[in-house]
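Survey of secondary and tertiary structure
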Amino acid sequence: MFSALKGLTFDDVVLVPGYNGIKSRQLVTTAVSLKGREFSLPLISSNMDTISEDAMANAIGSLGGMSILHRFLTIDQNVTLFNKIQFKDSTGISIGIGEDGLLRAEALVAAGASIVCVDVAHGHSKEVNRTIKALRQKFADNILIIAGNVATYAGADYLAAAGADAIKVGIGSGSVCTTRVKTGFGVPQLTALHDCRQVDRVLISDGGIRFPSDAVKALAAGADFVMLGGMLAGTNETPGQVLEEVREGKKYHFKRFRGMASKEAQDDFMGGMADWKTAEGVAIEVPARGPVKDVIQDLMGGIRSGMTYCGAATIKDLQRKAQFLEVTQAGRIEGSPHAIGRLTH
Ligand code: 5GP
């Protein structure tokens, strides 16, 4: 049966300013706690092979955020990679479902990992449930389990009931993701967060954050953390070579960034695309962008400022006080730089 409900995402809304009693945006706290563990930044670097390895985990860990390593390497390589990380308490590891997933978790927990992310494109599934239960049985409460991805209350509730501590929300919202184009499935990110927020677990908004304002809106809609892929792509700490290109005598520098379900990633990690499958991601080159801390600083500046626009001293305050307003196309245009001239900075 066709029942067209409305799904909203970041660009569909603005946050309405409210009374502010906080003297300076330096006085807000963006700290978030996850099962007794404190993170001073509500940010997680995405578990993609072109985003999170040791350099990213060390940089994000030193800034007070979390990083989740990707799982597209052998278990031994995964352990070697994890051993290079200084901030082991704030670095998660990823596993898939089934026997490989459990073996990987075992090896990495033995190496000192305590955050395990069960990461599947469509997480509202029996196999993910089984994997979470098996992890809980094996490691009891000694590990923190993140599971996903889901985009509905039913999906989030299912993972919470299986034993997940944190739920990763986002289907089809990623910057190099083509799931909605290939399958028609997904939920616009703000509506997905709003629905999943009904579940009493830590929520991670995964996919679609392009600007600091998207992060503010995701947190205001109920996310405890935002996960970042594209926003961090091209920074010095991402894995991979810097590619140089000379055009009309001028040098340009790029780094690769790709969806984990892209044809390129599947060629590299799965021995090619199976003939019954289609790619649900793309591979791109992005400009090389310098240190990740500069991106994080700009992002956190936006989050802190955003919090004071509604007088929120904490992220929980922001969630309580935030009022969203749906905007028209004219409102969106008004809200982006629209002076006529040449952009210089
Ligand atoms: P971004 O921050 O770039 O908008 O989104 C990052 C997220 O996109 C990742 O954390 C992951 O959930 C999702 N993602 C990564 N690769 C793929 C892919 O190939 N296909 C799909 N559907 N999603 C992807």
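Located above this text is the structure these notes cover.
Residues numbered from 1 in each chain as written. Predicted model: local features only at pLDDT ≥ 70, side-chain atom pairs only at ≥ 80, totals over all residues. Heavy atoms only, no water.

1. So, the layout of surface pockets
Let me state the cut-off plainly: Both cavities and pockets are sets of points on a 1 Å grid over the protein atoms alone; in a cavity a 1.4 Å probe fits but cannot get out, in a pocket the set is open with protein on both sides within 12 Å along at least five of seven lines, and lining residues sit with an atom within 4 Å of a point. Grid points are joined across faces, edges and corners, and a volume is the space filled by probe spheres set on the points. Only DSSP runs of H or I reaching four residues or more are called helices, and only runs of E reaching two or more are called strands; each is numbered from the N terminus. Each residue gets one label: Ala, Val, Leu, Ile, Met, Phe, Trp, Tyr, Cys and Pro are nonpolar, Asp, Glu, Lys and Arg are charged, and the others, such as Gly, are polar.
Its volume calculated, the second largest pocket comes out at about 710 Å³. Lining the second largest pocket are 27 residues, and of these Val 14, Leu 15, Ser 213, Lys 217 and Gly 335 lie nearest its centre. Considering each element in turn, the lining of the second largest pocket owes the most residues, five residues, to helix 8 (residues 212-220). A breakdown of the residues in the lining of the second largest pocket according to their chemical character gives 14 nonpolar, eight polar and five charged.

2. Overview of helix 4 (residues 126-139)
Here is the rule we go by: Residue count minus one, scaled by 1.5 Å, sets the expected span of a helix. Exposure categories follow from relative accessible area, calculated using a 1.4 Å probe and restricted to protein chains: below 20% of the type maximum is buried, above 50% is exposed, and the middle band is partly exposed. In this description, the arc belongs to the directions extending from the helix axis to the C-beta atoms. Only heavy atoms enter the contact rule, under which two residues are in contact if any of them lie within 4.5 Å.
Relative to the 20 Å expected for 14 residues at 1.5 Å per residue, helix 4 spans 20 Å between its end C-alpha atoms, a close match to the ideal helical length. Of the positions making up helix 4, those classed as buried are Val 128, Asn 129, Thr 131, Ile 132, Leu 135, Arg 136 and Phe 139. Take helix 4 and look down its axis: the buried residues cluster within an arc of 165°, on one side only. Facing away from the buried side of helix 4, by more than 90 degrees, are the exposed residues Lys 126 and Gln 137. Looking at the buried positions of helix 4, the neighbouring elements they touch are strand 6 (91-95), helix 3 (98-110), strand 7 (115-119), strand 8 (144-150) and helix 5 (153-162). At the C-terminal side of helix 4, Ala 140 shows a positive phi close to 45°.

3. Focus: the environment of Ala 215
By the secondary structure assignment, Ala 215 is in helix 8. The class for Ala 215 is buried, based on a relative accessible area of 0%. Along the backbone, Ala 215 and Gly 229 are 14 residues apart, and their C-alpha atoms lie at a distance of 13 Å. Residues in contact with Ala 215, not counting those within four places in the same chain, are Ile 209, Val 226, Leu 299 and Ile 303.

4. Quick word on the nonpolar core
Stated precisely, the cut-off is as follows: As used in this record, nonpolar core signifies buried Ala, Val, Leu, Ile, Met, Phe, Trp, Tyr and Cys residues forming a set joined through side-chain atoms within 4.5 Å.
Ranked by size, the top nonpolar core spans 82 residues in total, and within it Leu 43, Ile 132, Leu 135, Ile 167, Leu 232 and Ile 303 carry the most contacts. Filtering out sequence-adjacent residues up to four positions away, Ile 167 remains in contact with Ala 147, Val 150, Ala 156, Leu 159, Ala 160, Arg 201, Val 202, Leu 203 and Ile 204. Judged by nonpolar contacts, the second largest core, of 15 residues, contains Val 32, Phe 39, Ile 44 and Ala 166.

5. Regarding the packing of aromatic side chains
Threshold: Paired rings are identified among Phe, Tyr and Trp, the last through its six-membered ring, by centres lying within 6.5 Å, and are further divided according to the angle between planes into stacked (under 30 degrees), edge-to-face (over 60) and tilted (the rest). Note on criteria: charge over ring means Lys NZ or Arg CZ within 6 Å of the ring centre, with the direction from the centre no more than 35 degrees off the ring normal.
Applying the stated criterion to the full structure yields two aromatic pairs. Measuring from centroid to centroid gives 5.6 Å for Phe 39 and Phe 225, while their planes differ by 80°, and the two rings are edge-to-face. On the criterion of sequence distance, the pair formed by Phe 39 in strand 3 (residues 37-39) and Phe 225 in strand 11 (residues 225-228) is long-range, its members being 186 residues apart. Take Phe 39 and Phe 225: they sit in the same class, and that class is buried. Aromatic pair Phe 72 and Phe 269: ring centres 5.3 Å apart, planes at 35°, arrangement tilted. Residue Phe 72 is located in the loop between strand 5 (66-68) and helix 2 (75-83), and its partner Phe 269 is located in helix 9 (residues 263-269); the two are separated by 197 residues in the primary sequence. Looking at Phe 72, the relative accessible area reads 15%, which means it is buried. On the basis of relative accessible area, Phe 269 is assigned to the partly exposed category, the value being 31%. One Lys or Arg, Lys 88, reaches over the ring of Phe 82 and ends 5.6 Å from the middle of that ring. Taking the ring centre of Tyr 252 as reference, the NZ or CZ of Arg 247 above it sits at 4.8 Å.

6. Quick word on the site of the ligand
The condition is simple: Proximity is defined per residue: if any heavy atom of the residue lies within 4 Å of a molecule or strand, that residue is considered near it. What qualifies as a polar contact is a pair of N or O atoms within 3.5 Å, subject to a donor-acceptor requirement within protein and to the restriction that residues adjacent in sequence count only when both atoms come from side chains. Calculation of accessible area relied on Shrake-Rupley with a 1.4 Å probe; when residues are assessed, cover is drawn exclusively from the protein chains displayed.
Close to the ligand lie 21 residues; Ser 46, Ser 175, Asp 206, Ala 261 and Glu 280 are nearest. Between the ligand and Thr 179, the relevant distance is 2.7 Å, taken from a nitrogen atom to a side-chain nitrogen or oxygen of the residue. One of the side-chain nitrogen or oxygen atoms of Asp 206 is found 2.5 Å away from an oxygen atom of the ligand. Calculation on the ligand without its partners gives an accessible area of 520 Å², and the protein chains cover 89% of this total. The residue inventory of the shell around the ligand, partitioned by class, reads seven nonpolar, 12 polar and two charged.

7. Quick look at the sheet that holds strand 14 (residues 283-287)
This is how the line gets drawn: A pair of strands is labelled paired if DSSP reports no fewer than 2 bridges between them. Inter-axis angles, ranging from 0 to 180 degrees, are taken between N-to-C directions of lines fitted to C-alpha atoms, where helices are fitted over the stretch in contact.
Spatially, 12-13-14 is the arrangement adopted by the three strands of the open sheet, whose pairing is antiparallel. The open sheet has two edge strands, strand 12 (243-247) and strand 14, and neither has a second partner. Across the sheet, the mean angle separating the axes of adjacent strands is 40° when strand polarity is ignored. Relative to strand 14, strand 13 (residues 250-258) runs antiparallel, the two sharing five bridges. Across the sheet, residue Lys 255 finds its bridge partner in strand 14, namely Val 286.

8. What about a nonpolar patch on the surface?
We apply this condition: A patch is a set of surface residues, each over 30% in relative accessible area and not in a salt bridge, joined within 9 Å for like charges and within 5 Å for the nonpolar side chains Val, Leu, Ile, Met, Phe, Trp and Tyr. In the sections that follow, a salt bridge refers to a side-chain nitrogen of Lys or Arg positioned within 4 Å of a carboxyl oxygen of Asp or Glu.
A contiguous nonpolar surface patch, about 210 Å² in accessible area, is contributed by Val 14, Val 16 and Leu 325. Positionally, Val 16 belongs in the loop between strand 1 (13-15) and strand 2 (32-34).

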